[in-house]
Amino acid sequence: MGKRTRILWLIALSLAAGHLSATDDEGMQHLRISTEMRTDYRNDLGYPGTGVTTGDNGLRVNNLFLRIDGRIDDHVTYAFRQRLNRMNPDPSVMASIDWAQLIWSPNERWSFAAGKQVMEVGSMEYDANPNDVFRYSEWIQQAQAYQLGASVTRRFGTDDEVIFQITQSLCDNEALHRYFSYNASWRHTGTGVWRPYYSVNLHQYAPRSFMAMTALGNRFYFGRYWFCLDWVQRSTLHYIRTTGRPAEDFTIIGCADWRVTDHVTLTIEGSYDHNVDDAADCLAFVGTRLGVVGGGILWYPAADKRYRFHATFNHTFGENPSGTLPADAWGVNIGLTWRLNLINN
């Protein structure tokens, strides 16, 4: 751990200690510190018949999160999450921090936030906790999902919210910090069958050059069953102007869970990334026609689901000449996830 990281941790722990005894007259929560870790045994079998593997096999810590959420007063809160297993390349101490933001809520309808944030992209796969996804689609492998920015949230009733956000670009793979993304999203929560999360986005990838994206994430709940269906449409504005074909670059995502018992869940997931010839797409490269299918079993020994064992498999097929996931490969993943509240004051 570098010197800058240690200094930041000392500051964070000092602030946390100052909140431990701070409660208002109504006993409302001021501080919550939680941790979460997933460890895996992973074996990607590579290209059948060739002996080629991905080089990332064996036992490993997939993610180790530390999360701090607190309230300064009736209108100001803060949120922080760091991945302790991720390196901070010097001098970027923020590389391992997913979010660190201050939120001002003058009333129940409006909130204003600034800091490092999760970019508003309306895909259920994108929105999921990374510890709950066992094989991402190709486009998310390339996305820089956590960026510095600011956002405004408008709530409608108790189940709907609209967010407007400006951040550093999702396509800023080289961390140039001079390109921006402009995002607007709508999320419907509550207890209904259909719970959508939609967004429209403009991601800058070069001076005066943007990629337009629409992400339509849908979840459906039916008792012990739920499933998701996402459609992510991408097209650079230059490509639309020169070809007149806006629908050649997209990702389809599907997933489903069946809670067989209170302790056992069966899960399946799949995706298909497609980009014929839009050379400026920073998320799925030219020639991508890659499918991913997988599934497995989740076992929760404790009633509160703080611990989970998983055993999953996946298979990729198609073509992915310049991407991250190898085509025509099999993989297995066996591991343990645990989630603990350290302080809940």
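Residues numbered from 1 in each chain as written. Predicted model: local features only at pLDDT ≥ 70, side-chain atom pairs only at ≥ 80, totals over all residues. Heavy atoms only, no water.

(A) Representation of the overall build of the protein chain. From N to C terminus, the protein chain includes 4 helices and 16 strands. Going through the 345 residues of the protein chain one by one, you find that 43% of them count as buried. Residue pairs in contact within the protein chain that sit at least 24 positions apart in sequence constitute 54% of those at least 6 positions apart. If you sum the accessible surface of the protein chain, you get close to 17400 Å²; carbon and sulfur atoms cover 61% of it. (Helix = DSSP H or I, 4+ residues; strand = E, 2+ residues; numbered from the N terminus. Buried < 20%, exposed > 50% of the residue type's maximum accessible area, 1.4 Å probe, protein only. Contact = heavy atoms within 4.5 Å. Areas by Shrake-Rupley, 256 points an atom, 1.4 Å probe, with all protein chains shown as cover.)

(B) Summary view of the pattern of salt bridges. For the structure shown, the criterion picks out 18 salt bridges. When the shortest N-O distance is used, the salt bridge between R308 and D132 registers 2.7 Å. On the criterion of sequence distance, the pair formed by R308 in strand β15 (residues 307-319) and D132 in the loop between α2 (124-127) and α3 (138-142) is long-range, its members being 176 residues apart. In this structure, R224 engages D262 in a salt bridge whose closest nitrogen and oxygen atoms are separated by 3.8 Å. One end of the pair, R224, is in the loop between β10 (209-222) and β11 (225-236); the other, D262, is in the loop between β12 (249-259) and β13 (264-275), with 38 residues separating them in the sequence. (Salt bridge = Lys/Arg side-chain N within 4 Å of Asp/Glu carboxyl O.)

(C) Just the nonpolar core, in detail. The biggest cluster of nonpolar side chains holds 24 residues, and the ones touching the most others in it are V121, Y126, W139, L170, M213 and L283. When contributions to this core are tallied by element, the ones reaching two or more residues are β4 (97-104), α3 and β10. Ranked by the residues each element gives to this core, the list is headed by β10, at 3 residues. Membership of the second largest hydrophobic core comes to 7 residues, among which are I68, Y78, F80 and I97. (Core = buried A, V, L, I, M, F, W, Y, C linked by side-chain atoms within 4.5 Å.)

(D) Structural view of the pairing of strand β6 (residues 146-156). As judged from the 9 bridges shared by strand β5 (residues 110-118) and β6, these two strands associate in the antiparallel manner. The partner of Q117 across the bridge, within β6, is Q147. Summarising the sheet, β6 and strand β7 (residues 160-168) pair through 8 bridges and their orientation is antiparallel. Bridge assignment links R155 to a residue of β7, and that residue is E161. Where β6 folds back on β7, the antiparallel hairpin that results is connected by 3 residues, among which G157 adopts a positive phi of roughly 70°. (Pairing = 2+ DSSP bridges.)

(E) Expanded view of unusual backbone geometry. Even without being a glycine, R208 presents a positive backbone phi close to 60°. Within the fold, R208 resides in the loop between β9 (194-206) and β10. Exposure remark for R208: the relative accessible area of 76% places this residue in the exposed category. One non-glycine residue, D328, lies in the positive phi region at around 60°. The residue D328 is located in the loop between β15 and β16 (329-344) in this model.

(F) Main features of the layout of surface pockets. Here the second largest pocket defines a volume of roughly 610 Å³. Forming the boundary of the second largest pocket are 36 residues, of which D132, R219, W226, D257 and T267 lie nearest the centre. Among the secondary structure elements, those contributing two or more residues to the lining of the second largest pocket are α2, β10, β11, β12, β13 and β14 (288-299). The element that contributes the greatest number of residues to the lining of the second largest pocket is β13, accounting for 6 residues. A per-class count over the lining of the second largest pocket returns 16 nonpolar, 9 polar and 11 charged. (1 Å grid on protein atoms, 1.4 Å probe; cavity = no way out; pocket = protein on both sides within 12 Å on 5 of 7 lines; lining within 4 Å. Points joined across faces, edges and corners; volume = space filled by probe spheres on them. Nonpolar A, V, L, I, M, F, W, Y, C, P; charged D, E, K, R; others polar.)

(G) The arrangement of the packing of aromatic side chains in detail. Across all of its chains, the model carries 14 aromatic pairs by this definition. Directly above the ring of F156 sits R154, whose terminal nitrogen or CZ lies 4.5 Å from the centroid. (Phe/Tyr/Trp six-rings, centres within 6.5 Å; stacked < 30°, edge-to-face > 60°. Lys NZ or Arg CZ within 6 Å of the ring centre and 35° of its normal.)

(H) Examining the side chain of N131 more closely. Looking at where N131 falls in the secondary structure, it is placed in the loop between α2 and α3. Side-chain polar atoms of N131 contact the side chain of N63, separated by 3.3 Å. For N131, the contacting residues outside a window of four places in its chain are E36, M37, R38, N62, N63, F65, R308, T337 and R339. (Polar contact = N/O pair within 3.5 Å; in protein donor to acceptor, adjacent residues only side chain to side chain.)

(I) Spatial organisation of the environment of I334. As for its placement among the helices and strands, I334 is situated in strand β16. Judged by its relative accessible area of 47%, I334 falls in the partly exposed class. Residues I334 and H310, spaced 24 residues apart in sequence, show a C-alpha to C-alpha distance of 5.6 Å. Setting aside its immediate chain neighbours within four residues, I334 contacts T39, D40, Y41, H310 and A311.

(J) Summary view of a nonpolar patch on the surface. A surface patch of nonpolar side chains, about 790 Å² in accessible area, is lined by V193, W194, F222, Y225, F227, W258, V260, L266 and I297. With respect to the secondary-structure elements, F227 resides in strand β11. (Patch = residues over 30% accessible without salt bridge, like charges linked within 9 Å, V, L, I, M, F, W, Y side chains within 5 Å.)

(K) Up close: empty space enclosed by the protein. Tallying each qualifying case throughout the model produces 1 cavity of 30 Å³ or more. Lining of the largest cavity is provided by 10 residues; of these, D44, R135, N314, P326 and A329 occupy positions nearest its centre. When residues of the lining of the largest cavity are traced back to their parent elements, those giving at least two are β15 and β16. For the lining of the largest cavity, the element with the most residues is β16, which contributes 3 residues.

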